[in-house]
Amino acid sequence: MKILNVNQLRECDQFTIKNKPIFSINLMEKAASESCQWLLKNANPSDDFIIFCGNGNNGGDGLALARLLAQNNRKVKVVVNYGKKFSKDAVTNLQRIPETVPIIDASDFTRGIIRNSTVIVDAIFGIGLNKNIGQPWENVITEINNLSNRVVSLDLPSGLSPDGDKDSSIHVKANDTLSFHFYKKTFFHSETGINCGRIHVLDVDLSATYINEVVVSSFVADDAEVKRIYKARPEFSHKGHFGKAVVVGGSYGKTGAILLAGRVCARVGAGLTFISAPECAYSASLMQVPEAMFEFAGAREIEAINVIEDGEYGIGPGFGRTETARLALENFLRGHSRPILLDADALTLFSSHFNLLSWVPKDSILTPHPKEFDRLFGASPNSFARLELAKEMAKKHQLNIVLKDHHTQIVLHTGEVYYNVTGNSGLAKGGSGDVLTGIITSLLAQKYSPKEAAIFGVWIHGKAADLALKGQSKESLLASDVIESVGKVFNYLSK
Ligand SMILES: NC(=O)C1=CN([C@@H]2O[C@H](COP(=O)(O)OP(=O)(O)OC[C@H]3O[C@@H](n4cnc5c(N)ncnc54)[C@H](OP(=O)(O)O)[C@@H]3O)[C@@H](O)[C@H]2O)[C@@H](O)CC1
Ligand SMILES: Nc1ncnc2c1ncn2[C@@H]1O[C@H](COP(=O)(O)OP(=O)(O)O)[C@@H](O)[C@H]1O
Ligand SMILES: [K+]
């Protein structure tokens, strides 16, 4: 799914009004009606509502919503700012408010009118935010944030900007955000996403022509995207059709890392899996992943990486950071030209020997967590800036960078970014990254392109963690549980 920037969101709105054609007031009615349906379904039957309505079209959505909730016999109040001119459609909806709905001026608002059962609807600002929020809304937002009531924001929490670049210093903290038609970039970055709560994208029937034609560089890796990538396994096939995956690492003390990678590699469907590790990993490998072949790579640390003909490589989990390991990596890279995956220790070795990067085959995949990324390319003040730097580095070095996070960003050297939406905080544990390495390596072996393998692999990883929660909690989830859930992920895909 495409992610539009604020200018494109506006353009889409205008294009829809002109070409569908539809009156802007009816588009607003659709947004309000979808929001009303959502609230009726998701709020408790005894809940009442207070809707804070700004003077622009976000406020207009809120005013229309108040009428619709009242028509559904729900108790509702609205708070508006009479001190400022309303937009044309907001005025129309203000006039349509039934007499039974109390209207309170924002400067008279006190928290005393809010009961425990009141759902707060935030329709103060949407995508039109263009400066820091002043009074009366600053006080109101501070009060809202101090209450423990459920807060539902329309389109996005007031005070945040869709692209995350013009946020007001004060903003609403929502439990749920009802976003109209699209995800917005701001939802996916930790600094801002934390204020958005759960995201629900409501279809407001915008122009399909515009959406198909608009050129964007950011996408959500949603189910539709992943189903386009997934290749079902043909029955008339043999192991030779599904490639050779080689995971390299597992030095003494970190053997588990490479076993996790090797095990999931086999589970994801590689025709043959090789675990290339020091001898100290041999018996554990035999016991834990009997399906994999063992490639001797040293005694207690990686000394040399054997070349397996036509093997696709994932290098890094427990690789070690010694000079011997670094030399082994350099020698391997000098002789290898197909895209590989590099993770963990392998990436850290690059930080101290940046020239190694020039030996990495074009179109390879790096999978750093934020600290590894910063060590490699320099620190960034926040995740938005880190993403921009990742885009620059991906292009410069012709590599794909998987920036691991709650919403992992797959940054392609072509300039495109895919945000992942699967996964949960149960993954915030040692071993999760090793599993991701194994998944992506397995997909590379099965001839998914590096772009496909990165997007699909990150999605599988998160989806397996989500499905594993059926029998586990976020606290108890282990990397091994994620591996055991991979089967459910493919069953979900082939349904
Ligand atoms: N996309 C779609 O398909 C659909 C979009 N729809 C809805 O429209 C929304 C966008 O509406 P919008 O353009 O009127 O902007 P909105 O956010 O209401 O605010 C603008 C107003 O706020 C003011 N203002 C701005 N910043 C301020 C500040 N910091 N502090 C104080 N004031 C500030 C600014 O006034 P100014 O001071 O600039 O004159 C202006 O009056 C969108 O998010 C969605 O909810 C749906 O109805 C239909 C489908
Ligand atoms: N809160 C979270 N929500 C979703 N995914 C997460 C979360 N925390 C971690 N992850 C995922 O778990 C993995 C952790 O990788 P990494 O930090 O390299 O772990 P490891 O300890 O295995 O090296 C990444 O894929 C990351 O996106
Ligand atoms: K809002």
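Everything numeric in this text was worked out from a predicted model, so none of it was measured.

**Details of the site of ligand 2**
In the vicinity of ligand 2, 18 residues are found, and the nearest of them are Lys 404, Asp 405, His 406, Gly 431 and Gly 433. Interatomic distance of 3.4 Å between a backbone N/O atom of Leu 427 and an oxygen atom of ligand 2. Here Asp 434 contributes a backbone N or O atom positioned 3.4 Å from an oxygen atom of ligand 2. For ligand 2, whose accessible area on its own is 580 Å², the fraction buried by protein is 80%. It is helix H15 (residues 432-445) that provides the largest number of residues to the shell around ligand 2, a total of four residues. The class makeup of the residues in the shell around ligand 2 is three nonpolar, 11 polar and four charged.

**A look at the pattern of salt bridges**
Counting across every chain of the model gives 23 salt bridges. A salt bridge links Arg 326 to Glu 323; the shortest N-O distance between them is 2.6 Å. Taken together, the positions of Arg 326 and Glu 323, both in helix H11 (residues 323-334) and three residues apart, correspond to about one turn of that helix. Using a relative accessible area of 9% as the deciding quantity, one classes Arg 326 as buried. Of the residues examined, Glu 323 reaches a relative accessible area of 44% and is grouped as partly exposed. Residues Glu 388 and Lys 391 are paired through a salt bridge, measuring 3.3 Å at the closest nitrogen-oxygen approach. Taken together, the positions of Glu 388 and Lys 391, both in helix H14 (residues 383-397) and three residues apart, correspond to about one turn of that helix. Glu 388 sits in the partly exposed class, given a relative accessible area of 39%.

**Overview of a nonpolar patch on the surface**
Residues Tyr 282, Leu 286 and Met 287 make up a contiguous nonpolar surface patch of about 350 Å² in total accessible area. Considering the arrangement of structural elements, one finds Leu 286 in helix H10 (residues 282-288). We classify Leu 286 as partly exposed; its relative accessible area is 48%.

**Brief notes about the side chain of Ser 276**
Structurally, the position occupied by Ser 276 is in strand S11 (residues 272-277). If near-sequence neighbours (up to four positions away) are discounted, Ser 276 is found in contact with Val 246, Val 247, Val 248, Gly 249, Glu 295, Ala 297, Ile 302 and Ile 305.

**Section: the pairing of strand S6 (residues 151-154)**
As a general feature of sheets, a regular strand has side chains that alternate between the two faces. Residues Val 151 and Ser 153 of S6 are buried on one face, and the alternating residues Val 152 and Leu 154, pointing to the opposite face, are buried as well. Note that strand S5 (residues 118-123) and S6 share three bridges and pair parallel. Of the residues in S6, the one forming a bridge with Val 121 is Val 152. Pairing geometry for S6 and strand S7 (residues 176-180), over three bridges, is parallel. Each bridged residue has a counterpart across the sheet, and for Ser 153 the counterpart in S7 is Thr 177.

The rules behind the values
- Residues numbered from 1 in each chain as written.
- Chains lettered and ligands numbered in written order.
- Predicted model: local features only at pLDDT ≥ 70, side-chain atom pairs only at ≥ 80, totals over all residues.
- Heavy atoms only, no water.
- Near = heavy atom within 4 Å.
- Polar contact = N/O pair within 3.5 Å; in protein donor to acceptor, adjacent residues only side chain to side chain.
- Areas by Shrake-Rupley, 256 points an atom, 1.4 Å probe, with all protein chains shown as cover.
- Helix = DSSP H or I, 4+ residues; strand = E, 2+ residues; numbered from the N terminus.
- Nonpolar A, V, L, I, M, F, W, Y, C, P; charged D, E, K, R; others polar.
- Salt bridge = Lys/Arg side-chain N within 4 Å of Asp/Glu carboxyl O.
- Buried < 20%, exposed > 50% of the residue type's maximum accessible area, 1.4 Å probe, protein only.
- Patch = residues over 30% accessible without salt bridge, like charges linked within 9 Å, V, L, I, M, F, W, Y side chains within 5 Å.
- Contact = heavy atoms within 4.5 Å.
- Pairing = 2+ DSSP bridges.

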